[in-house]
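# Residue-level structure breakdown
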Amino acid sequence: GESVGLHLPTLSVQEGDNSIINCAYSNSASDYFIWYKQESGKGPQFIIDIRSNMDKRQGQRVTVLLNKTVKHLSLQIAATQPGDSAVYFCADLPSSGGGADGLTFGKGTHLIIQP
Amino acid sequence: DTAVSQTPKYLVTQMGNDKSIKCEQNLGHDTMYWYKQDSKKFLKIMFSYNNKELIINETVPNRFSPKSPDKAHLNLHINSLELGDSAVYFCASSQGAGLAGWQYFGPGTRLTVT
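Scope of this entry: the structure provided in the associated data block. All figures in this text were calculated on a predicted structure; none of them were measured in a lab.

Helix and strand counts for chain B come out as 0 helices and 11 strands. Taken from the N to the C terminus, the helices and strands of chain B come in the order β-β-β-β-β-β-β-β-β-β-β. Classification of the 114 residues of chain B by burial places 47% in the buried group. At a minimum sequence separation of 6, the contacts of chain B that also span at least 24 residues come to 55%.

Written out as structure tokens, the structure reads:
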């Protein structure tokens, strides 16, 4: 079936470095993508989103890139901090209207920040 | 000030029992969801309620029954609990149907069935 998936289950980076978390999706009909962060013992927290008519979107220290040609999504975190340690999920909404669609989550990537 | 709250946070019970998890949101949202997260951290939608109407039932066993007394509450009742039901259950809410990307999640309820 169609799915959203991540390339690496664990990513370890040095504090202060930039990190890139990748995600591949297979549903061509997806037109809305979201990144969530889940800290230990907590629920997922929205980070940033992007619509399919965009290639790039920036937030505070985070940038999401969308490559529709290869169905690839990435989350870049600049100058990582200890508080960035968490599991990161990409998710998509398979339709762009009508109904209260639940998110389709990919497998998470555990980002570990080394001191 | 908690936006989406769930009770209990931890629930340990034996196989065959019936249990409920409660969820409340004070954001004024009209859509609420239940997700299940397994031991491998995989999150999957179970149910969605929009204005007290069930929108999604993603092939969840009928032992699971969501109940929404009003749009601020979406409870999850589980009958005849099985070992495989052990997971973390997250409630979420959003405003509006369609592109409901801005879903706010509760802190989760860790259910352990022994």
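What follows continues from the structure just given.
Cis peptide bonds are those with omega within 30 degrees of zero, and the linkage from Thr7 of chain B to Pro8 of chain B qualifies with -5 degrees. Residue position: Pro8 of chain B is located in the loop between strand E1 (4-7) and strand E2 (10-13). In this model, Lys71 of chain A sits at a positive phi of 55 degrees, which is unusual for a non-glycine residue. Of the residues examined, Lys71 of chain A reaches a relative accessible area of 27% and is grouped as partly exposed. One non-glycine residue, Ser80 of chain B, lies in the positive phi region at around 45 degrees.

For the rest of this paragraph, the subject is the packing of aromatic side chains. This structure, assessed with the given rule, holds 11 aromatic pairs over all chains. Here Tyr36 of chain A and Phe46 of chain A contribute two aromatic rings whose centre-to-centre distance is 6.1 Å and whose plane-to-plane angle is 90 degrees, an arrangement assigned as edge-to-face. Here the residue Tyr36 of chain A occupies a position in strand E4 (residues 32-38), and Phe46 of chain A occupies one in strand E5 (residues 45-51), the gap between them amounting to 10 residues. By relative accessible area, Phe46 of chain A is classed as buried at 17%. Residues Tyr35 of chain B and Phe105 of chain B carry aromatic rings whose centres are separated by 5.2 Å and whose planes lie at 45 degrees to one another, so their mutual orientation is tilted. Here the residue Tyr35 of chain B occupies a position in strand E4 (residues 31-37), and Phe105 of chain B occupies one in strand E10 (residues 104-105), the gap between them amounting to 70 residues. Among the residues examined, Tyr35 of chain B registers a relative accessible area of 0% and is labelled buried. Here the aromatic cluster, defined as three or more aromatic residues joined through ring pairs, consists of Tyr36, Phe46, Phe89 and Phe105 of chain A together with Tyr33, Tyr35, Phe90 and Phe105 of chain B.

Taken together, the side chains of Leu27, Trp102 and Tyr104 of chain B make up a nonpolar region of the molecular surface, amounting to roughly 290 Å² of accessible area. Here Leu27 of chain B shows up in the loop between strand E3 (19-25) and E4.

Let us look at the pairing of strand E2 (residues 10-14) of chain A. Residue and element names in this part refer to chain A. Every second residue of E2 is oriented toward a common face, the buried set being Leu11 and Val13 and the non-buried set Thr10, Ser12 and Gln14. As paired elements, E2 and strand E11 (residues 109-114) share 5 bridges and run parallel to each other. From the neighbouring strand, Leu11 faces E11, where its bridge partner is Leu111.

The next point concerns the pairing of strand E8 (residues 72-77) of chain A. All names here are of chain A. Two strands pair when backbone bridges link them, and strand E3 (residues 19-25) and E8 are joined in this way by 6 bridges, in the antiparallel orientation. Residue Cys23 lies in a different strand from E8, and its bridge partner there is Leu73. When strand E7 (residues 62-67) meets E8, the two strands line up antiparallel, connected through 6 bridges. Looking at the pairing, Val62 lines up with Ile77 of E8. In this structure, the hairpin formed by E7 and E8 is closed by a connection of 4 residues, where Lys71 is found at a positive phi of approximately 55 degrees.

The rules behind each value
The written sequence of each chain sets the order in which its residues are numbered from 1. Labels are handed out in written order, letters beginning with A for the chains and numbers beginning with 1 for the ligands. Only residues with pLDDT of 70 or above have their local features reported here, since the model is predicted, and side-chain atom pairs are shown and tallied only from 80 upward, although totals for entire chains, interfaces and linings are computed over all residues. Water and hydrogen atoms play no part in the side-chain values, which are based on all heavy atoms of the structure. Put simply, DSSP marks the helices as runs of H or I at least four residues long and the strands as runs of E at least two long, and each gets a number from the N terminus on. In this scheme, a residue with accessible area under 20% of its type's maximum is buried, one over 50% is exposed, and one in between is partly exposed, where area comes from a 1.4 Å probe on protein chains only. Contacts are assigned to residue pairs that have any heavy atoms within 4.5 Å of one another. Stacked, tilted and edge-to-face are the three classes assigned to paired rings of Phe, Tyr and Trp, where Trp is represented by its six-membered ring and a pair needs centres within 6.5 Å; plane angles under 30 degrees give stacked, over 60 edge-to-face, the rest tilted. Within the patch definition used here, like charges are joined within 9 Å and nonpolar side chains (Val, Leu, Ile, Met, Phe, Trp, Tyr) within 5 Å, considering only residues with over 30% relative accessible area and no salt bridge. Surface accessibility follows the Shrake-Rupley procedure with a 1.4 Å probe radius. Residue values consider only the protein chains on display as shielding. Any Lys or Arg side-chain nitrogen found within 4 Å of a carboxyl oxygen on Asp or Glu counts as a salt bridge. When DSSP locates at least two bridges between a pair of strands, those strands are taken to pair.

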